[in-house]
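Topology and contacts: notes
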Amino acid sequence: MHELPVMNGILRVVIRHAAKHRVSRVTAIALRVGKLCDLDAGWMQHYFDYLTPGTVAQGARLDIEWADVVMHCAGCAREFTTEPKSQGFGICPHCGRSGGEILAGTGYFVKSMAAQ
Ligand SMILES: [Zn+2]
């Protein structure tokens, strides 16, 4: 369960951003989360609600957009997207080889915020 420290970090970004733009209340936060982050949307909102009372983000809704995992095939050098929870994860659809460099789908960041 590593959602708690992750949400703590995201909250700090939101608070800093809100202060910079003189926002007194944040109503929604759009997050882009890589599918390889192993974060659960339900737990993210749960920990966020646990951390935010008394902050500008109290009661804010999280809108999570999942980012595909993109890999660079070590066999044919082409890029492909792959589903982490599928059987064919990490297997190149072009040449059938497994593995390669992961180009996207591991990070997370605050995309935008809605304020009141
Ligand atoms: Zn390939």
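For the structure given in this document, a descriptive report is provided here.

What counts, and at which threshold
Residues numbered from 1 in each chain as written. Predicted model: local features only at pLDDT ≥ 70, side-chain atom pairs only at ≥ 80, totals over all residues. Heavy atoms only, no water. Pairing = 2+ DSSP bridges. Helix = DSSP H or I, 4+ residues; strand = E, 2+ residues; numbered from the N terminus. Axes fitted to C-alpha atoms, helices over the stretch in contact; angles between N-to-C directions. Buried < 20%, exposed > 50% of the residue type's maximum accessible area, 1.4 Å probe, protein only. Lys, Arg positive; Asp, Glu negative; His and termini not counted. Salt bridge = Lys/Arg side-chain N within 4 Å of Asp/Glu carboxyl O. Contact = heavy atoms within 4.5 Å. Donors = N, O, S within 2.8 Å, 3.2 Å for Na, K, Ca; no water. Tetrahedral: all angles 85-135°; square planar, octahedral: opposite > 155°, others 65-115°.

**Section: the sheet that holds strand β4 (residues 79-82)**
Think of a sheet as strands paired side by side through backbone hydrogen bonds, with each pair either parallel or antiparallel. Strand order in this open sheet of three strands is β4-β3-β5, and the pairing throughout is antiparallel. The open sheet has two edge strands, β4 and β5 (100-104), and neither has a second partner. Neighbouring strand axes in the sheet, compared pairwise and without regard to direction, differ in orientation by 35 degrees on average. The pairing of strand β3 (residues 69-73) with β5 spans four bridges and is antiparallel. When the bridges of β5 are listed, V70 appears paired with A104.

**Quick word on the side chain of E3**
With respect to the element layout, E3 can be found in helix α1 (residues 3-20). For E3, which is buried and forms no salt bridge, the nearest opposite charge comes from K85, at a distance of 9.7 Å. Contact partners of E3, with chain neighbours within four places excluded, come to D38, L39, D40, W43, M44 and Y47.

**Description of the coordination of the zinc ion**
Every protein donor of the zinc ion is listed here as C73 (SG), C76 (SG), C92 (SG) and C95 (SG), and their distances to the metal cover 2.3 Å. Around the zinc ion, the four donor atoms sit at angles spanning 102 to 115 degrees, and that spread fits a shape best called tetrahedral. Here the donor residues of the zinc ion are spaced in sequence according to C-x2-C-x15-C-x2-C. For C92, a relative accessible area of 2% translates into the label buried.

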